[in-house]
Amino acid sequence: MRKWTLPAALLLLVVLSLLPDQGRKLHAHADESADSGELVDPPKVEEKISGVSHGLSTDSDVVKRESESMSRKSLRSSAEKFEFQAEVSRLMDIIINSLYSNKDIFLRELISNASDALDKIRFLSLTDKEVLGEGENTRLEIQIKLDKEKKILSIRDRGIGMTKEDLIKNLGTIAKSGTSAFVEKMQAGGDLSLIGQFGVGFYSVYLVADYVEVISKHNEDIQYVWESKADGAFAISEDTWNEPLGRGTEIRLHLRDEASEYLEEDKLKDLVKKYSEFINFPISLWASKEVESEVPAEEDESNEEEASETPSEEEEVDEEDGEKKAKTKKVKETIYDWEVLNDMKAIWLRSSKEVTDEEYKSFYHSLAKDFSVEKPMAWSHFTAEGDVEFKAILFVPPQAPPDLYESYYNTNKANLKLYVRRVFISDEFDELLPKYLSFLKGLVDSDTLPLNVSREMLQQHSSLKTIKKKLIRKALDMIRRIADEDPDEYYTGDNIAELSDEVLLKRGSYAKFWNEFGKSIKLGIIEDATNRNRLAKLLRFESTKSKGKLTSLDQYISRMKLGQKDIFYITGTSKEQLEKSPFLERLTKKDYEVIFFTDPVDEYLMQYLMDYEDKKFQNVSKEGLKLGKDSKIKELKESFKELTNWWKDVLSNQNVDSVKISNRLDNTPCVVVTSKYGWSANMERIMQAQTLSDANKQGYMRGKRVLEINHRHPIIKELRERVANDPQDEGLKQTARLIYQTALMESGFLPNDPKDFAAQIYDTVKSSMDISPDATVEEEAEVEEEEAAPKEADVKEDKETESSSSKDEL
């Protein structure tokens, strides 16, 4: 044994002396390679190693290396450097100032990219299950984690991951295509499908971060780190210091100081709920929460100080064995766990036959943020196929918001949310639905639209016109269905109780819809010429035969008299006022039905709704009313010609175009009608009430007025005889003017000179009371006012004041 001791010792010394030298050689070689720009192969990560759940079980060396990595904001010297081909400052200016108007969307873009990566690996797993791996890798999910101390926001997915080549290609797409070409493409309005791909969407991270790391592991490559400060270069290196991902991508954003709001859990929860609520994969946030637990009372007193509430100590006695239980206290502690943020399922992706009514109601309340107990009036769930494919759900709310029509033409507010591949884009696309349907709530999800980060650009996309056309048709069909299912709309029997309970539940549903949103249908008739006839079928109103209920144009036509060619209507302020109108006398006597339009918008409506089902509309307060053939009309005109010509001359300064024999009066002596294309009395009143109306310009639209007289009325017959005897009688002329002014008011017009009209009435009263026309008002007696003597109390008060002033002076 002693013989081998010395040689063994010498051999050991030689080996030990060589080791430091070899280490120095390796170190020197690394330094030389760094100076020369060559890469040194770092330690390899086993390709088949599985990711550790949540990165919680790591050894001390990994923790140290990862901490150093996460705290740095400079590119690693050992990484392979790449120069952006385009000018980065110009590129960032386009991204930040042109494409993105809201910093919040960076999270939407990253989650969208993560969802795409998960979709790809899921698709591959359909034919090859082994691509998912095993353990945690099989869980297709997106995880968000915060590090408030280091100001780092991390988003991780277990998607397909990226190879080194993918990192260079995908994260350099914009620069690789050339900034100038990209700008030209935008200005030319070309296909911007590039936007939203892993490239432009990814670069939105620089809205909030000044340094970004992308750690990615693909099944066919080792784990790499991409990093960049957007300062003209990015670097890629083999990842030997971070926790092995197994598969997928983790993006770490080193947030700027002004972006610290994105380190708040509540802010991230709100953003995910707003933009990514319906992503197919679970999105989890490593969030804190407080829990209450019981601990032994004998624990260290420091625990008591940490508790948010004073611990309650209890000492209980078991009744069976009489043993005392240990003293305990309740304390609150903060723990961290994964919280799923997108628990609301995208029910529009399922078949409408598979979704229950309760699920639709629950989805509506979540989508519309409507927390009332009322259910939506109706909904439509459909899929559109063709050049543009999309899925949509539309809801009719249970009631209209109070401000629905207050700023109708001055707001772009819409209640329809646009999604592209389950990613929320915007709810401000007023071009998806016309304004008159803006009361509808719902969403549209398209797989064919580009995932555009610019609302302005996407709004001009040609596919939106196709989507809009289909949405309008489906929306009108849905509203029509409310009417079709309402028994009040179609049942004409006397005993409504014979209908089933299920049918009776929908009774009055369309009347409710009309009371809430009827004005929108009228505005649609005005604005949408393409769908005017379909909208007219939804029109409801009361009439002389509706018996207090709402009726439709189709029902009106079904009740028209034989030979009736026109649809009769009248406009005014209320149904009660119109029922007493002299314009209806002859029509109701002959059993014609007349529609009552009492909404101010109806006057505008009837300027656009000229006909329906080959039937013309006729305002009964205007010229052109035809009630069958009257063979005696020519004889009557001739016999009353002297009176009508005389009366027209008397009213020459009253804007009266003519005086005619009327075919619409029964008990009233005369009425004033307007020309066919002029304003009605109701329209004149509406226009005069406008705040910025111009009285000078209104004269062009008033049109000429026509006085129609009832040849059978005794006043008209007496007036005719007196005119024949003495047409120059001034008293008779005054009476004719007074009759006209009275008819003017009864017809709904305002007198041109109310003072003159009142004076004529008073003169008529004087005449009926045998008061002389020359009688004047008695003069008031003038009484000279004497200056009142001062009261004793006032004199006394003045003296006391004077005495007090004297004392003060002394």
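Each chain has its residues counted from 1, running along the sequence as written. In view of the model being predicted, local features appear only for residues whose pLDDT reaches at least 70, and side-chain atom pairs are presented and counted only at 80 or more, with totals across whole chains, interfaces and linings using the full set of residues. Processing note: side-chain calculations cover all non-hydrogen atoms of the structure and skip hydrogens and water entirely.

1. Description of the overall build of the chain
If you tally the helices and strands in the chain, you get 28 helices and 22 strands. Working definition: with a 1.4 Å probe on protein chains only, accessible area under 20% of the residue-type maximum means buried, over 50% means exposed, and in between means partly exposed. Buried residues in the chain amount to 44% of all 810 residues. Summarising the internal contacts of the chain: among those between residues at least 6 apart in sequence, 74% fall at separations of at least 24. Every helix listed is a DSSP run of H or I at least four residues long, and every strand listed is a run of E at least two residues long, numbered separately from the N terminus. The contact criterion used is simple: two residues touch if any of their non-hydrogen atoms lie within 4.5 Å.

2. Considerations on the pattern of salt bridges
A pair is scored as a salt bridge if a Lys or Arg side-chain nitrogen falls within 4 Å of a carboxyl oxygen belonging to Asp or Glu. Counting across every chain of the model gives 36 salt bridges. Put simply, Lys537 and Glu613 hold a salt bridge, and the shortest N to O gap is 3.4 Å. Here Lys537 is found in the loop between helix H16 (532–536) and strand S15 (542–543), whereas its partner Glu613 is found in the loop between strand S18 (611–612) and strand S19 (615–619), with 76 residues between them in sequence. Note on Lys537: relative accessible area 21%, which makes it partly exposed. Linked through salt bridges whose partners overlap, the residues forming this network are Glu136, Arg139, Glu141 and Arg158.

3. A few points about a nonpolar patch on the surface
There is a patch of nonpolar side chains on the surface, built from Ile761, Tyr762, Val765, Met769 and Ile771 and spanning about 470 Å² of accessible area. Here Ile761 is to be found in helix H27 (residues 754–768). Residue classification places Ile761 among the partly exposed positions, given a relative accessible area of 32%. Residues enter patches when their relative accessible area tops 30% and they take part in no salt bridge; the joining distance is 9 Å for like charges and 5 Å for the nonpolar side chains Val, Leu, Ile, Met, Phe, Trp and Tyr. With residues, only the protein chains shown are counted as cover, and all accessible areas are computed by Shrake-Rupley using a 1.4 Å probe.

4. Thoughts on the packing of aromatic side chains
Between 30 and 60 degrees the pair is tilted, below 30 it is stacked and above 60 it is edge-to-face, where a pair is any two Phe, Tyr or Trp rings, Trp via its six-membered ring, whose centres lie within 6.5 Å. Following the criterion strictly, the structure yields 18 aromatic pairs and no others. Ring centres of Tyr364 and Phe395 lie 5.3 Å apart, and the angle between their planes is 50 degrees; this geometry places the pair in the tilted category. One end of the pair, Tyr364, is in helix H10 (residues 357–368); the other, Phe395, is in strand S11 (residues 390–396), and 31 residues separate them in sequence. Note on accessibility: Tyr364 and Phe395 belong to one class, buried. An aromatic cluster is built from Trp348, Phe363, Tyr364, Phe395 and Tyr419, whose rings are joined through pairwise contacts.

5. Observations regarding the pairing of strand S6 (residues 233–238)
Counting buried positions along S6 gives six out of six residues, so the element sits mostly inside the fold. Side chains Ala233, Ala235 and Ser237 of S6 all project onto a buried face; the interleaved residues Phe234, Ile236 and Glu238 project onto the opposite face, where all are buried too. A pair of strands is labelled paired if DSSP reports no fewer than 2 bridges between them. Across five bridges, strand S5 (residues 224–228) lies against S6 in antiparallel orientation. The partner of Trp226 across the bridge, within S6, is Ile236.

6. Some thoughts on the nonpolar core
Nonpolar cores were defined as sets of buried Ala, Val, Leu, Ile, Met, Phe, Trp, Tyr and Cys residues, with membership established by side-chain atoms within 4.5 Å. The biggest cluster of nonpolar side chains holds 76 residues, and the ones touching the most others in it are Val396, Leu437, Leu471 and Phe513. A per-element tally of this core places helix H12 (residues 463–484) first, with ten residues. Beyond its immediate stretch of four places on either side in the chain, Val396 contacts Pro376, Met377, Ala378, Phe439, Leu440, Met478, Ile482, Phe513 and Phe517. If you look at the next biggest cluster of nonpolar residues, it comprises 68 residues, including Leu207, Val212, Ala230 and Ile393.

7. Topic: a positive patch on the surface
Where like charges cluster on the molecular surface, the positive patch consists of Lys565, Lys616, Lys626, Lys629 and Lys676. Here Lys616 lies in strand S19. Taking relative accessible area as the criterion, Lys616 reaches 49% and is therefore assigned partly exposed. Within this scheme the basic residues Lys and Arg register as positive and the acidic residues Asp and Glu register as negative, but His and the chain ends are omitted. All charge positions are set by atom: Lys at NZ, Arg at CZ, Asp at CG, Glu at CD.

8. Some points on the packing of helix H15 (residues 509–527) against helix H20 (residues 600–608)
The interhelical angle for the contact between H15 and H20, taken along N-to-C directions, is 35 degrees, at an axis separation of 8 Å. The two elements H15 and H20 meet at a crossing, and its hand is left-handed. Contacts between H15 and H20 involve Lys519, Lys522, Leu523, Ile525 and Ile526 from the first element and Val601, Asp602, Tyr604, Leu605 and Tyr608 from the second. When its residues are assigned to classes, the contact of H15 with H20 shows seven nonpolar, no polar and three charged. To get an axis, fit a line to the C-alpha atoms, keeping to the stretch in contact for a helix; angles then go from 0 to 180 degrees between the N-to-C directions. Left-handed describes a crossing in which the near helix is turned anticlockwise from the far one by less than a right angle; the clockwise case is right-handed. Following the grouping adopted for this structure description, the nonpolar residues are Ala, Val, Leu, Ile, Met, Phe, Trp, Tyr, Cys and Pro, the charged ones are Asp, Glu, Lys and Arg, and the polar ones are all others, Gly among them.

9. Concerning the side chain of Asp157
Within the secondary structure, Asp157 sits in strand S3 (residues 152–157). There is no salt bridge for the buried Asp157, and the closest opposite charge comes from Arg247, which lies 7.1 Å off by N-O distance. In contact with Asp157, not counting residues within four places along its chain, are Ala114, Ala117, Leu118, Glu141, Ile142, Arg247, Gly248 and Thr249.

10. Focus: the confidence of the model for the chain
Each residue carries a pLDDT score, the predictor's confidence in it, ranging from 0 to 100. Summary statistics for the chain give a mean pLDDT of 78 and a share of 73% for residues scoring 70 or more. Within the chain, helix H1 (residues 2–36) has the poorest average pLDDT of any element, 43, and strand S17 (residues 594–597) the best, 96. Counted against residues more than four places away or in other chains, residues 1–7, with its pLDDT under 50, gives zero contacts. Between residues 175–183, whose pLDDT stays under 50, and residues either more than four places distant or in other chains, the model counts 17 contacts.

11. Some remarks on the sheet that holds S19
Here five strands make up an open sheet; going across it, the order is S15-S17-S16-S19-S18 and the pairing mixed. Each edge of the open sheet is held by one strand with a lone partner, namely S15 and S18. Here strand S16 (residues 566–571) pairs with S17 via four bridges, running parallel. Residue pairing in the sheet places Thr571 in a bridge with Phe597 of S17.

12. Overview of a negative patch on the surface
Where like charges cluster on the molecular surface, the negative patch consists of Glu778, Glu779, Glu780 and Glu782. Structurally, Glu778 is set in the loop between H27 and helix H28 (792–809). Residue class for Glu778 comes out exposed when judged on its relative accessible area of 73%.

13. Re the side chain of Glu109
Counting through the fold element by element, Glu109 comes out in helix H4 (residues 105–125). Within the structure, the side chain of Glu109 is placed 2.7 Å from the side chain of Arg108, a separation counted as a polar contact. Polar contacts here mean pairs of N or O atoms no more than 3.5 Å apart (in protein, one a potential hydrogen donor and the other a potential acceptor; neighbouring residues in sequence count only if both atoms are side-chain atoms).

14. Quick look at H12
In a helix, the anticipated span is given by 1.5 Å times the number of residues less one. In this model, H12 (22 residues) spans 32 Å end to end at C-alpha, consistent with the 32 Å of a helix rising 1.5 Å per residue. Where H12 is concerned, the buried positions are Ser463, Leu464, Ile467, Lys470, Leu471, Ile472, Ala475, Leu476, Met478, Ile479, Ile482 and Ala483.

15. Let's talk about unusual backbone geometry
Positive phi outside glycine occurs at Asn655, with the angle close to 60 degrees. At Asp770, a position not held by glycine, the phi torsion is positive, near 55 degrees. Within the secondary structure, Asp770 sits in the loop between H27 and H28.

16. Observations regarding the packing of H4 against helix H8 (residues 265–275)
Between H4 and H8, the shortest axis-to-axis distance is 10 Å and the interhelical angle comes to 65 degrees. Both H4 and H8 take part in a crossing whose hand is right-handed. Contacts between H4 and H8 involve Ile105, Leu107, Arg108 and Ile111 on the former and, on the latter, Leu268, Leu271, Val272 and Tyr275. Partitioning the contact of H4 with H8 into residue classes produces seven nonpolar, no polar and one charged.

17. Some remarks on the sheet that holds strand S22 (residues 705–709)
Within a sheet, neighbouring strands are paired by backbone hydrogen bonds and run either parallel or antiparallel to one another. The strand order across the open sheet built from three strands is S20-S22-S21, with neighbouring strands paired in mixed fashion. In this open sheet, the two strands that pair with only one neighbour each are strand S20 (656–661) and strand S21 (670–674). With strand direction ignored, the average angle separating the axes of adjacent strands in the sheet is 25 degrees. In this sheet, S22 lies alongside S20 in parallel orientation, the contact comprising five bridges. Bridge pairing links Val659 to Leu707 in S22. Strand contacts of helix H26 (residues 730–746): S20, S21 and S22, with the helix running at about 60 degrees to S21, the strand carrying the most contacts.

18. Topic: H27
Along its 15 residues, H27 runs 21 Å from first to last C-alpha, staying within 8% of the 21 Å computed at 1.5 Å per residue. In the segment just after H27, Asp770 is the residue with positive phi, at about 55 degrees.

19. Let's talk about the pairing of S11
Of all seven residues in S11, six are buried; the element is thus mostly enclosed. Relative to S11, strand S10 (residues 378–384) is paired through seven bridges, and the arrangement is antiparallel. Within the sheet, the bridge partner assigned to Ala378 lies in S11 and is Val396. Sheet topology places S11 next to strand S14 (residues 441–446); six bridges connect them, and they run antiparallel. Paired with Phe395 across the strands is Lys441, a residue of S14.

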